[in-house]
There are 2 protein chains.
Amino acid sequence: MRAELVAVGTELLLGQIVDTHSAFLSRELSQLGIDVYFHTSVGDNRDRLVAVVKRAVSRSDLVIFTGGLGPTEDDLTKETVAEVLGVPLVEHPPSVAVLERLFSDKGQTIPPSNYKQALVFEGGKVFPNPNGTAPGVAVSRNSVTCVLLPGPPTELYPMYHAEVRPFLKSIRDTEEVVVSNVLRFFGIGESHLTERIGKLIQDQTNPTIAPLAKEGEVTLRLTAKAGDLQQAQELMAPVKEEILQSVGRFVYGEDDDTLEKLVISALREQGKRLAVAESCTGGLLAQTLTSVPGSSAGFQGGVVCYANEVKTGMLGVPTELLETCGAVSMDSALALAEGVRSRLNTDFGLSVTGVAGPDPVEEKPVGLVYLGLSERGEVTRAYRLDLGGSREKIQIRAVKQALYTLLERLKKGVAAK
Amino acid sequence: MRAELVAVGTELLLGQIVDTHSAFLSRELSQLGIDVYFHTSVGDNRDRLVAVVKRAVSRSDLVIFTGGLGPTEDDLTKETVAEVLGVPLVEHPPSVAVLERLFSDKGQTIPPSNYKQALVFEGGKVFPNPNGTAPGVAVSRNSVTCVLLPGPPTELYPMYHAEVRPFLKSIRDTEEVVVSNVLRFFGIGESHLTERIGKLIQDQTNPTIAPLAKEGEVTLRLTAKAGDLQQAQELMAPVKEEILQSVGRFVYGEDDDTLEKLVISALREQGKRLAVAESCTGGLLAQTLTSVPGSSAGFQGGVVCYANEVKTGMLGVPTELLETCGAVSMDSALALAEGVRSRLNTDFGLSVTGVAGPDPVEEKPVGLVYLGLSERGEVTRAYRLDLGGSREKIQIRAVKQALYTLLERLKKGVAAK
């Protein structure tokens, strides 16, 4: 099944918003075994939209439109598709009732223009929209299916998962199962990784192997197509095994794992608590940890010790140490990790101090970062990093390296039990 | 001048990456008075790319391609455009020299496939690429100009600003100046804002007025086109004046301003220092402040007091208060703000405590957040917020509201001088 995606809205062509829906829908369609051949963005302009719709229905089996279903004169998607396909629009009483209830709840009468949101394709499919006013709609003509979905993400995503995905599964021309497995790497660059498994990537057919690099992490997505789940898994297993044998020691997790999720769950499993002291990352480490729901089970809190007075006053780092070695030093990283662990009375203390830029500090170069890891009853360790990139990138990479360092330590803890 | 953008790469159609280049280029072209009518993404497939190139050169005056200039067999953009336009590709000695130097620096010989990156359009334009191996290229035929740029953002953005923008300025068919001015609002929703200035938005022609809502903030972008800068500003001035008269009290800044930048610069100007205490935002407030280069001038640091032991131990919040009122309460917000201000010895102490979700805490609902603002020599104040959305959204909105509250206070401080 050949599919294409059309995003409608002048704000896309002005660059006021980025089209993230097409990437989302492409990932979803690929999971259903549906190939996407084109993405198009077009403005709220009748003539150009007509041309795009005509072209799309002439070359694809499935066309998914996002945006342009709202109440204003600029919202033209449904009217234009109806015109090109020659399918009448009819009023959909349940959608009218939703509109009436929404407005009466606010004590308002419905502006006449709003009723057009309750028009649907005659003989088509309607996807209810519990999070907005315009339902999604679909219609098939001449073996082409057009699906029209609302633009706001808070409406599109729930509607896709609840209504559109099952609908697409029912109309696709394959019973193929598509299974993906993502391997997550840290501590190895994309070029080294792809070099190490170059032959596998070159020979890939089924499963396919797609590498992707992002802020110091690299992922490999394995995707297998087969008649059923077991066959797909059997295709995947030997390839995955071969990858793990070659570069398995750099794998920290799979699929939806993140470093912070794994750190929090390892802390919880081992009944350990963590405190952090951050200088150059300014709160990003703590914020990354607390972005995990339920992080309070393992994360106690931390100190953002941006100024030296905070390092000494709140964490007991000796003024003399800061004067002789500087705040960006191995010794400061050790003292910060120990200080925050003892002050917050936790099992682990993790510290980050460095130069995020844009300017050097203490005559030390941008990108120089020290990590400290203190553990109850163990010798405190420190690590030196030389990171590149912008201020933001240096902060993100320092945080990831800190989490990875702790995760490696926690994994050893489990192994030793 | 009618333009369209073509992003080339199968990874776009698989949803592995989001096409952010088209939004970037659209914004840039709109600033040059060039209208963008279509965005297309197409895979690394010769036949489909040929179809896209043919269509684009038949309906547009300017086509900008991104991606597909690399050394692999999948990189087809240049070859395909050359074929469709009937323009030969010729070797570009300076680009060959760059390739040879890059490889010899690594002590390697050039793989033969790499030489194709040094091919350029005969009689065309070459944009050097100091950050990669493939230069950008451009060629004009039959009054259509095709511009081909590398896909990696670290290559595309510098090349655009240094080379492509001046080139586009030289070929556009207008001497028009396009001037934009962004007004930044906080504390008013998009629907209320557009209601209040509805007539202005409806009657807009020049300047145009584009509202955009993002995480509790709303922006209005005014864009005027005119023969010269002064004329554009004269068109803009009365419209801006009318907006400010109606909703000016919600404007916190303009153009590239952010709440955190304005807070840091106000602190610096007034010689004041800030400390923060965060519970439910888990470090995001500190991290947002330290994302501003030079933030150390006004931001001293903070405490992420996720666990109650940290609130009592590090910030002196009485255990009794936490037991009677709870950690999520007006009284805790006050005590946290005062505690962090006195412990870090700063002029201002700003605190956030609340329920970010997904689960209620202390039988208090998700989205309930209290802010505290302590100031040396003044009565400490607390504020209650009822926020909606996901855990992440609640955290972002709480941080923005905290920054806005402090900014309003700092502005009064300046006014009183």
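Residues numbered from 1 in each chain as written. Chains lettered and ligands numbered in written order. Predicted model: local features only at pLDDT ≥ 70, side-chain atom pairs only at ≥ 80, totals over all residues. Heavy atoms only, no water.

### What about the packing of helix 3 (residues 46-59) of chain A against helix 4 (residues 77-85) of chain A?
For any two helices packed against each other, one specifies the inter-axial angle together with the distance between the axes. Residue and element names in this part refer to chain A. Rules: Geometry is summarised by axes, namely lines fitted to C-alpha atoms with helices restricted to the contacting stretch, and by angles between N-to-C directions that run from 0 to 180 degrees. Segments assigned H or I by DSSP are reported as helices when at least four residues long, segments assigned E as strands when at least two residues long, and all are numbered from the N terminus. Roughly parallel means an angle under 35 degrees; roughly antiparallel means over 145; roughly perpendicular covers 65 to 115; every other angle is labelled oblique. Each helix crossing is assigned a hand: it is left-handed if the near helix lies turned anticlockwise from the far helix by less than a right angle, otherwise right-handed if that turn is clockwise. It only takes one pair of heavy atoms within 4.5 Å for two residues to be counted as in contact. Lys, Arg, Asp and Glu make up the charged group, whereas Ala, Val, Leu, Ile, Met, Phe, Trp, Tyr, Cys and Pro make up the nonpolar group; the residues left over, Gly among them, are polar.
For the pair helix 3 and helix 4, the least separation of the axes is 10 Å and the interaxial angle reads 55°. Considering their axes alone, helix 3 and helix 4 lie oblique with respect to each other. The element helix 3 and its partner helix 4 pack so that their crossing is right-handed. Only Thr77, Thr80, Val81, Glu83, Val84 and Leu85 of helix 4 make contact with helix 3, whose side of the interface consists of Arg46, Leu49, Val50, Val53, Lys54 and Val57. Grouping the amino acids of the contact of helix 3 with helix 4 by side-chain chemistry returns seven nonpolar, two polar and three charged.

### Some details on the sheet that holds strand 13 (residues 274-278) of chain B
Quick reminder of the rule: Pairs of strands are assigned from DSSP output, requiring at least two bridges between the strands.
Spatial strand order, 17(A)-16(A)-15(A)-13(A)-14(A)-14(B)-13(B)-15(B)-16(B)-17(B): 10 strands in an open sheet with mixed pairing. Whereas interior strands pair on both sides, the edge strands pair on one side only; in this sheet they are strand 17 (381-386) of chain A together with strand 17 (381-386) of chain B. Each strand axis lies, on average, 15° off the axis of its neighbour in the sheet, ignoring direction. Judged from the five bridges that link them, strand 13 (residues 274-278) of chain A and strand 15 (residues 348-354) of chain A form a sheet pairing that is parallel. Each bridged residue has a counterpart across the sheet, and for Val276 of chain A the counterpart in strand 15 of chain A is Leu350 of chain A. Set on the sheet, helix 12 (residues 308-315) of chain A makes contact with strand 13 and strand 14 (299-304) of chain A together with strand 14 (299-304) of chain B; between it and strand 14 of chain A the angle comes to about 135°.

### Quick look at the interface of chain B and chain A
The line we're drawing: Buried area is calculated as the accessible area (1.4 Å probe) missing from two parts once they are joined, with the contributions of both summed. Definition used for salt bridges: Asp or Glu carboxyl oxygen within 4 Å of a side-chain nitrogen of Lys or Arg.
Residue-level contacts link 58 residues of chain B with 57 residues of chain A. Buried surface at the junction of chain B and chain A, both sides included, amounts to about 4,500 Å², of which 61% is carbon and sulfur. Per-residue buried area on chain B facing chain A is highest for Leu13, Tyr306 and Met314 of chain B; these three make up 13% of the total on that side. Our count for the chain B to chain A interface comes out at zero salt bridges. Among the elements that make up the side of chain B that touches chain A, the one with the highest residue count is strand 2 (residues 35-42) of chain B (seven residues). Residues of the side of chain B that touches chain A, tallied by class, amount to 27 nonpolar, 21 polar and 10 charged. Of the strand pairs in this sheet, strand 14 of chain A and strand 14 of chain B are connected by three bridges, and their pairing is antiparallel. Bridge pairing links Gly302 of chain A to Val304 of chain B in strand 14 of chain B.

### Brief notes about helix 2 (residues 21-31) of chain B
All names here are of chain B. The condition that has to hold: Note on exposure labels: buried denotes an accessible area under 20% of the residue type's maximum, exposed denotes more than 50%, and partly exposed covers the range between, all computed with a 1.4 Å probe on protein chains only.
Within helix 2, nine of the 11 residues are buried, leaving the element largely enclosed by the surrounding structure. Buried within helix 2 we find His21, Ser22, Ala23, Phe24, Leu25, Ser26, Glu28, Leu29 and Ser30. Positive backbone phi, approximately 75°, marks Gly33, located one or two places after helix 2.

### Quick word on the pairing of strand 15 (residues 348-354) of chain B
Residues and elements named next belong to chain B. For strand 15, a buried count of seven out of seven residues is recorded, marking the element as mostly surrounded by other parts of the structure. Burial of the side chains of strand 15 extends over both faces: Phe348, Leu350, Val352 and Gly354 are buried on one face and Gly349, Ser351 and Thr353 on the other. Alignment of strand 15 against strand 16 (residues 368-375), held across seven bridges, turns out to be antiparallel. The partner of Val352 across the bridge, within strand 16, is Leu371.

### Observations concerning the packing of aromatic side chains
Cut-off, in case you're wondering: Two rings belonging to Phe, Tyr or Trp (six-membered ring only in the last case) form a pair when the distance between their centres is within 6.5 Å. Interplanar angles under 30 degrees mark stacking, angles over 60 mark edge-to-face geometry, and anything in between is tilted. Remark: a charge is flagged as sitting over a ring if the NZ atom of Lys or the CZ atom of Arg is within 6 Å of the ring centre and within 35 degrees of the ring normal.
Across all of its chains, the model carries 10 aromatic pairs over all chains by this definition. With a centroid separation of 5.5 Å and 80° between ring planes, the pair formed by Phe24 of chain B and Tyr160 of chain B is classed as edge-to-face. Note that Phe24 of chain B is positioned in helix 2 and Tyr160 of chain B in helix 6 (residues 153-171), a separation of 136 residues in sequence. As far as the burial class goes, Phe24 of chain B and Tyr160 of chain B line up, both buried. With centroids separated by 4.7 Å and ring planes inclined at 35°, the aromatic side chains of Phe186 of chain B and Tyr404 of chain B adopt a geometry described as tilted. With Phe186 of chain B in strand 9 (residues 177-186) and Tyr404 of chain B in helix 15 (residues 391-416), this pair connects stretches of sequence that are 218 residues apart. Phe186 of chain B sits in the buried class, given a relative accessible area of 5%. For Tyr404 of chain B, a relative accessible area of 11% translates into the label buried. Just above the ring of Phe38 of chain A sits the side chain of Arg59 of chain A; from NZ or CZ to the centre is 3.7 Å.

### A few points about the relation of the copies chain B and chain A
Under the convention used in this document: Superposing copies: least-squares fit, C-alpha atoms only, residues required to have pLDDT of at least 70 in both.
Take chain B, turn it by 180°, move it 0.2 Å along the axis, and it overlays chain A with an RMSD of 0.2 Å. Taken together, the rotation and translation relating the two chain copies correspond to the operation of a two-fold axis.

### Observations concerning the side chain of Glu375 of chain A
All names here are of chain A. Looking at the element boundaries, Glu375 is found in strand 16 (residues 368-375). Here Glu375 falls in the buried class, since its relative accessible area comes to 13%. Setting aside anything within four residues of it in sequence, one finds Glu375 in contact with Arg341, Asp347, Phe348 and Arg409.

### Focus on the UniProt feature "domain: MoaB/Mog" (unreviewed entry) in chain A
To keep things clear, this is the line we draw: UniProt positions are given in the numbering used here, feature names are shortened, and annotations may be inferred rather than shown by experiment.
In this numbering, the UniProt entry assigns the feature "domain: MoaB/Mog" (unreviewed entry) to residues 4-170 of chain A. The span residues 4-170 of chain A shows a helical share of 41% and a strand share of 23%, and its end C-alpha atoms are spaced 18 Å apart.

### Looking at the pattern of salt bridges
Applying the stated criterion across every chain yields a total of 30 salt bridges over all chains. We note a salt bridge from Glu375 of chain B to Arg409 of chain B, for which the minimum N-O separation is 2.7 Å. In this pair, Glu375 of chain B is assigned in strand 16 and Arg409 of chain B in helix 15, connecting sequence segments 34 residues apart. By relative accessible area, which is 26% here, Arg409 of chain B ends up partly exposed. A single salt-bridge network, built from bridges that share partners, covers Arg46, Asp47 and Glu83 of chain A.

### A word on the pairing of strand 1 (residues 2-8) of chain B
Residue and element names in this part refer to chain B. Burial runs high along strand 1: six of the seven residues are buried. As paired strands, strand 1 and strand 3 (residues 62-66) are joined by five bridges and run parallel to one another. Considered in strand 3, the bridge of Leu5 is made with Ile64.

### Regarding unusual backbone geometry
Here the bond from Asn206 of chain A into Pro207 of chain A is cis, since omega is 10°, no more than 30 degrees from zero. Residue placement: Pro207 of chain A occurs in the loop between helix 8 (198-202) and strand 10 (208-214). Although it is not a glycine, Asn142 of chain A adopts a positive phi angle of roughly 50°. Topologically, Asn142 of chain A is positioned in the loop between strand 7 (136-141) and strand 8 (144-149). According to the relative accessible area criterion, Asn142 of chain A is exposed, its value standing at 70%. Phi at Asp255 of chain B is positive, roughly 50°, even though this residue is not glycine. Residue placement: Asp255 of chain B occurs in the loop between strand 12 (251-254) and helix 10 (259-270).

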